Amino acid sequence: MRAVVYQHAEHEGLGLLGPALQRAGFEVVTRMRQVRHHEDAEAPLLVVLGGPMGVYEADQHPFLHQERAVLAERLGAGRPNLGICLGAQLLAAAAGSEVSRGKNGLEVGVAPVRWTKDGLADPVLAPAAPRSTVAHWHSDTWAPVPGAALLASTDRYAQQGFRLGPSYGLQFHLELGAEAFDHWLSLGEGELQAAGRELAPLRKDLGKLRAAEAENTALLTRLAEHFAHAAR
């Protein structure tokens, strides 16, 4: 089975999700800011990763128009998709939600995400605890997705995760381990400083992310197995 992956930045790959997909029987096919509409619309699974651009900047990044169109077609056909960060925003937009710059500013660092009642009862994720420690790096958000179940929230942004049919959108970076997130922080030091954030406090919490890696990997494994079952 093919899992087509839309990637938007060299350093923003599958992370912990890659091995989980492979264990579930997927062959990963990565496209860097490229779309093959017909082929991707019919793939067993489509994963859309994060990136520095916004959904509302699609005129500057035409591939976002194409990705959104593929997601809309797949949603209409009931095919499974996973969106992470920008990918979740694109999935929400394809489902009819409005994506915009968040009013509460940049959410970045290692912090808990709070699972909703629907999240705790989700047939795939079913988290073991009311909160999970994950990596965050985003400043955009979306309006409630029509017909979707809200799975997760934070104090800063309510829309952190949703399920729509066999598809999932996650605003936070469940796929990031501590080492990978540390690399992101190094690469984005200038951006963070411009936003008034210092690296040292952010790096202090990397141990929390390292401690949560086994739990987060288990969630990713269940997602991958769900997508394999849905694809079959």
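First, a word on what this report is: a plain description of the structure on this page. (Residues numbered from 1 in each chain as written. Predicted model: local features only at pLDDT ≥ 70, side-chain atom pairs only at ≥ 80, totals over all residues. Heavy atoms only, no water.)

Another point: helix α4 (residues 86-94). Burial within α4 is extensive, with nine of its nine residues counted as buried. Within two residues after α4, Gly 96 carries a phi angle of roughly 105°, on the positive side. (Buried < 20%, exposed > 50% of the residue type's maximum accessible area, 1.4 Å probe, protein only. Helix = DSSP H or I, 4+ residues; strand = E, 2+ residues; numbered from the N terminus.)

What follows concerns the sheet that holds strand β2 (residues 27-32). What the nine strands build is an open sheet, ordered β2-β1-β3-β4-β11-β10-β9-β6-β7; its pairing is mixed. For this open sheet the edge positions go to β2 and β7 (131-138), each flanked by a neighbour on one side alone. On average, each strand axis in the sheet is tilted by 20° relative to the strand beside it, whichever way the strands run. Examined bridge by bridge, strand β6 (residues 107-115) and β7 share eight bridges and lie antiparallel to one another. Within β7, the position partnered with Ala 111 by the bridge is Val 134. Docked against the sheet, helix α3 (residues 62-77) engages β1 (2-7), β3 (45-48), β4 (81-84), β10 (161-164) and β11 (167-170), running at close to 140° with respect to β3. (Pairing = 2+ DSSP bridges. Axes fitted to C-alpha atoms, helices over the stretch in contact; angles between N-to-C directions. Contact = heavy atoms within 4.5 Å.)

Moving on, we come to the pairing of β11. Of the two faces of β11, the one carrying Ser 167 and Gly 169 and the one carrying Tyr 168 and Leu 170 are both buried. Note that β4 and β11 share three bridges and pair parallel. Following the sheet pairing, Ile 84 is matched in β11 by Leu 170. The sheet contact formed by β10 and β11 spans four bridges and is antiparallel. Residue pairing for β11: Leu 164 is matched across the bridge by Ser 167. Count of turn residues in the β10/β11 antiparallel hairpin: two residues, of which Gly 165 carries a positive phi of about 60°.

Moving on: the layout of surface pockets. One number sums up the size of the largest pocket: a volume of about 460 Å³. Taken together, 23 residues line the largest pocket, and the ones lying closest to its centre are Gly 51, Pro 52, Met 53, Trp 137 and Glu 191. Those elements that place two or more of their residues in the lining of the largest pocket are α4, β7 and α6 (178-187). By residue class, the composition of the lining of the largest pocket is 10 nonpolar, eight polar and five charged. (1 Å grid on protein atoms, 1.4 Å probe; cavity = no way out; pocket = protein on both sides within 12 Å on 5 of 7 lines; lining within 4 Å. Points joined across faces, edges and corners; volume = space filled by probe spheres on them. Nonpolar A, V, L, I, M, F, W, Y, C, P; charged D, E, K, R; others polar.)

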